[in-house]
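Listed below, chain by chain, are the residues.
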Amino acid sequence: MASFTLNATSPPFGFATRRVHPSSRRSKRQYRAVSGTRAAAADGDDAPPAAAQVKAGEASTADVDTSAVENAIRTVSVPSNMKGVPPIIIFGAGGKTGKRCVQYAAKAGRPVVACTRNGSFSSADLGLATEEADFVTAKAGDVSRATQAELVALMAGAGAVIFAASASPNGGTPQEVDKAGLVAVARACIAAAVPRLIIVSSGSVTKPLSPVYVFLNFFGGIMRAKIEGEDAVRQLYFQRTGCDYVVVRPGGLTEDEPRGLGAVELNQGDDKSGRISRADVAAICVEAAIAAAAPGAPTSTTAAAAANATFECYWADTAKSLNDVGLSNMMGSKSDDTEYVSGKEQRGATGPELLAGLEADAPGVSQQGCGFSL
């Protein structure tokens with residue numbers, strides 16, 4: 001059986017589906033929800049303590065499945081010479097989702113810098129061909145301890161940055177990583193003129209009275225740190241030109257094989273969620289990075305796809321309203337088109353199709369919800 005981690009990026013009480021593709025239906029799986037001290041989609045460089053994970057069965061999460069990822073990646077023409085193609089910088093590359101971001105980017109033929117706290121990264125278990133592994137460079141990038149100058153130097157010439165880091169026992173608290181670390185990276189992105197910052201956050205993060213927020217926030221205030229980090233980025237990017245951000249809010253994260261972008265639904269409004277594999281979250285993040293404007297490109301009246309947008313993501317056939325998704329995720333249930341429709345759903349078979357038409361956030365406006373929060 002697959003394992004399911006319930007935490008800040010994987011709200012079990014999430015959002016609903018509008019459409020189910022028959023080809024994407026799977027056999028029902030049983031999940032048991034247990035808490036998490038950090039956002040599952042981000043994961044940081046360490047696994048959370050035993051009390052912070054949810055597992056069903058004995059499936060190992062140490063190795064990343066490779067054949068399914070390769071099948072899920074869209075057809076990409078890999079240039080014979082990647083010189084001059086700006087790399088994608090990934091913070092939290094040692095975490096479960098960050099590592100899948102590295103894998104997807106390399107298989108898509110994109111130079112990628114895998115940043116971990118100590119600079120150590122192995123791609124041996126990613127199933128990369130020799131030429132794909134050559135796209136990966138490991139560097140030290142501790143978001144909670146690096147100086148601004150070090151971060152700026154690390155990002156020089158980057159085409160995009162993916163922030164997949166999060167609090168962990170050895171990596172720092174939610175306030176140190178999910179908030180202050182994110183702010184430090186955002187400031188460095190602006191200083192280094194990086195075209196796009198992609199942030200792995202969490203569904204339900206704007207709903208402090210929702211069951212998932214209340215439950216998860218007991219673990220170090222992870223949800224509050226994430227929304228405060230998000231809102232700080234919105235302020236930093238207010239009226240900026242030449243650079244933008246994208247906030248990705250996954251539903252309940254699983255260790256399942258990727259089903260591909262065609263099985264995913266996006267929503268805006270933080271009122272729907274469901275389940276989604278880390279591999280498919282990684283695909284969304286890398287596709288958002290690929291969609292960024294080229295470094296140094298002249299300012300255009302047409303913004304890059306998903307510029308300054310925030311959205312939730314989940315498998316379409318697992319989506320539920322925010323109040324119903326928790327039990328649904330734990331039971332491995334499916335949904336249908338009639339259960340809940342927000343009017344903000346979006347589908348697509350490829351990255352460009354999936355990201356096209358997303359609404360940008362209100363410039364500089366906070367999205368933190370009202371209600372008691374630790």
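Here the structure is shown first, and the text comes after it.
Residues numbered from 1 in each chain as written. Predicted model: local features only at pLDDT ≥ 70, side-chain atom pairs only at ≥ 80, totals over all residues. Heavy atoms only, no water.

Visitor: Would you take a moment to explain the state of the cysteines for this structure?
Guide: Cysteine pairs can be covalently joined through their sulfur atoms, and such a bond is termed a disulfide. For the structure on display, the rule yields zero disulfides. C243 supplies the cysteine sulfur nearest to C189, a cysteine that is in no disulfide, at a spacing of 8.4 Å. Exposure remark for C189: the relative accessible area of 0% places this residue in the buried category. With no disulfide of its own, C313 lies closest to C285 among cysteine sulfurs, the gap being 7.2 Å. (Disulfide = S-S within 2.5 Å. Buried < 20%, exposed > 50% of the residue type's maximum accessible area, 1.4 Å probe, protein only.)

Visitor: What am I meant to see in the sheet that holds strand β9 (residues 264–267) here?
Guide: Note: strands within a sheet are paired through backbone hydrogen bonds, in either parallel or antiparallel orientation. A sheet is described by the order of its strands in space; here eight strands give the open sequence β4-β3-β2-β5-β6-β7-β12-β9, paired in mixed fashion. Each edge of the open sheet carries a strand with a single partner, namely β4 (136–140) and β9. Ignoring strand direction, the axes of neighbouring strands in this sheet form an average angle of 25°. The strands that helix α7 (residues 222–236) touches are β6 (196–200), β7 (244–250) and β12 (309–315); relative to β7, the one it contacts most, it runs at about 160°. (Pairing = 2+ DSSP bridges. Helix = DSSP H or I, 4+ residues; strand = E, 2+ residues; numbered from the N terminus. Axes fitted to C-alpha atoms, helices over the stretch in contact; angles between N-to-C directions. Contact = heavy atoms within 4.5 Å.)

Visitor: Sorry, what's going on with the packing of aromatic side chains here?
Guide: Geometry of an aromatic ring pair is reported as the spacing of the ring centres plus the angle between the planes. Scanning the model with the defined rule gives two aromatic pairs in all. Pairing F215 with F219 gives two aromatic rings, centres 5.8 Å apart and planes at 75°, and the pair type is edge-to-face. For F215, a relative accessible area of 33% puts it in the partly exposed group. According to the relative accessible area criterion, F219 is partly exposed, its value standing at 23%. Ring centres of Y237 and Y245 lie 5.6 Å apart, and the angle between their planes is 70°; this geometry places the pair in the edge-to-face category. Each member of the pair Y237 and Y245 is classed as buried. One Lys or Arg, K99, reaches over the ring of F121 and ends 5.9 Å from the middle of that ring. Sitting over the ring of W315, R259 keeps its end group 4.6 Å from the ring centre. (Phe/Tyr/Trp six-rings, centres within 6.5 Å; stacked < 30°, edge-to-face > 60°. Lys NZ or Arg CZ within 6 Å of the ring centre and 35° of its normal.)

Visitor: Whenever I open this one, the pattern of salt bridges confuses me. Can you help?
Guide: It is possible for side chains bearing opposite charge to pair when their charged atoms get close. All told, the structure shown has 21 salt bridges when counted by the stated rule. A salt bridge links R196 to D244, with the shortest nitrogen-to-oxygen separation between them at 2.7 Å. Of this pair, R196 sits in strand β6 while D244 sits in strand β7, and the two are 48 residues apart along the sequence. One exposure class covers both R196 and D244, and it is buried. The residue R249 makes a salt bridge to E312 at a minimum N-O spacing of 3.5 Å. Separated by 63 residues along the polypeptide, R249 in strand β7 and E312 in strand β12 bring together distant segments of the chain. For the pair shown, R249 and E312 are each scored as buried. (Salt bridge = Lys/Arg side-chain N within 4 Å of Asp/Glu carboxyl O.)

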